[in-house]
Amino acid sequence: LKSEAVRRGAARHWLFFRQWMRAPLSTASMVPSSRHLARAMVAHLGPEVRCVVELGPGTGVITEALLARGIVPSELMLVELNREMHATLVEQFPGCHVIHGDARALPDFCAQTPGFAGPPVDAVLSGLGFLSMPDGIVEEILRGCFEVLRPDAPLVLFTYGPRVPVKPHLMQKLGLVGRRVDFIVRNFPPASVYEVRRAGSGARESS
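Here's a quick rundown of the structure. The structure presented is a predicted model; accordingly, all values stated were derived computationally and were not measured.

About the cut-offs
- Within any chain, residue numbers begin from 1 and follow the written order of that chain's sequence.
- Reporting of local features is limited, given that this is a predicted model, to residues whose pLDDT is at least 70; pairs of side-chain atoms are given and counted only at 80 or more, and all residues count toward the totals for whole chains, interfaces and linings.
- Only hydrogens and water are set aside; all other atoms, that is, all heavy atoms of the structure, feed into the side-chain values.
- Secondary structure elements are defined from DSSP: runs of H or I of at least 4 residues count as helices, runs of E of at least 2 residues count as strands, and each element is numbered from the N terminus.
- Any residue under 20% of the maximum accessible area for its type is buried, any over 50% is exposed, and the rest in between are partly exposed; the area is computed with a 1.4 Å probe on protein chains only.
- Accessibility throughout is a Shrake-Rupley quantity obtained with a 1.4 Å probe, and a residue counts as covered only by protein chains that appear here.
- For helices, the fitted line uses only the C-alpha atoms of the stretch in contact; every axis is such a line through C-alpha atoms, and the angle between N-to-C directions lies from 0 to 180 degrees.
- Roughly parallel covers angles under 35 degrees, roughly antiparallel covers those over 145, roughly perpendicular covers 65 to 115, and oblique covers all other angles.
- Note on convention: the crossing is left-handed when the near helix lies turned anticlockwise from the far helix by less than a right angle, right-handed when the turn is clockwise.
- Note on contacts: a residue pair qualifies if any of its non-hydrogen atoms lie within 4.5 Å across the two residues.
- Each Phe, Tyr or Trp ring, with Trp reduced to its six-membered ring, pairs with another whose centre is within 6.5 Å; inter-plane angles below 30 degrees give stacked pairs, above 60 give edge-to-face pairs, and intermediate values give tilted ones.
- Only strands joined by at least two bridges in the DSSP assignment are considered to pair.

Here the focus is the overall build of the protein. Helix and strand content of the protein: 7 helices and 7 strands. Looking at the protein as a whole, 46% of its 207 residues are labelled buried. Accessible area for the protein stands at about 10300 Å²; split by element, carbon and sulfur atoms hold 58% of it.

Structure, rendered in structure tokens:
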């Protein structure tokens, strides 16, 4: 079992590194997120969280943490733009809704997927590198996320920088606030986890 886990880990790192080499600006890091970061991404989800979307799941490290947390595969949607990573996710998580497409189309994906129209989504987790994207694309993705999320539900992000990984003027324009909920030293590089919510939904803002 240990050798199989090592083999899967090596394959995951190699897949991720290949994609980074091909498109370094659209891949936030040279290596996939660690299991420590993945656990931190799901640690603050409340017991009421059932219907979840993950954007940019990559090699599926955070997906595994969500399933271990108790999210039912049929209530988990994965949206992955990279074709090779998407194919790997389909094989790895056959019970989940694995979508090959652009995160900007999230409202359409939810409308077309049983159980996701409503909007009933309890949380969106994102591994996308917002700070390396054009503002217009980030704005479209964020608008789509909060279109499908319940009014008080969080968008959970991680970043290797010192602040919430959405530019301040976009946070203000969209009426969002961010709060850091965790810092993971045992990730390479060390990472912070943020929850982003609509202002006035009970969220407290932090740097």
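Text resumes after the structure shown.
For the rest of this paragraph, the subject is the packing of helix 2 (residues 35–43) against helix 3 (residues 61–69). Close contact between helix 2 and helix 3 brings their axes to 8 Å; oriented N to C, the two are set at 50°. With respect to helix 3, the axis of helix 2 lies oblique. Crossing hand, helix 2 versus helix 3: right-handed. Where helix 2 approaches helix 3, its residues R35, A38, R39, M41 and V42 are matched on the opposing element by V61, I62, E64, A65, L66 and R69.

Of note, C145 is situated in helix 6 (residues 135–148). In this structure the C-alpha to C-alpha distance between C145 and L55, which are 90 residues apart in sequence, comes to 9.6 Å.

Across all of its chains, the model carries 1 aromatic pair by this definition. On the numbers, 5.8 Å between centres and 65° between planes, the contact of F158 with Y160 is edge-to-face. Relative accessible area serves as the criterion here: at 9%, F158 is assigned to the buried category. Relative accessible area serves as the criterion here: at 28%, Y160 is assigned to the partly exposed category.

What follows covers the sheet that holds strand 7 (residues 191–198). Reading across from one edge, 3-2-1-4-5-7-6 is the order of the 7 strands in this open sheet, with mixed pairing throughout. With partners counted over all chains shown, the strands left at the sheet margins are strand 3 (97–100) and strand 6 (176–184), one partner each. Across the sheet, the mean angle separating the axes of adjacent strands is 20° when strand polarity is ignored. Relative to strand 4 (residues 123–126), strand 1 (residues 52–55) runs parallel, the two being bridged by 4 bridges. Bridging across to strand 4, V52 finds its partner in A123.

Pairing of strand 6 with strand 7 involves 8 bridges; the strand directions are antiparallel. Residue pairing across strands places G178 opposite V196, the latter belonging to strand 7. Between strand 6 and strand 7, which pair antiparallel one after the other, the connecting turn spans 6 residues.

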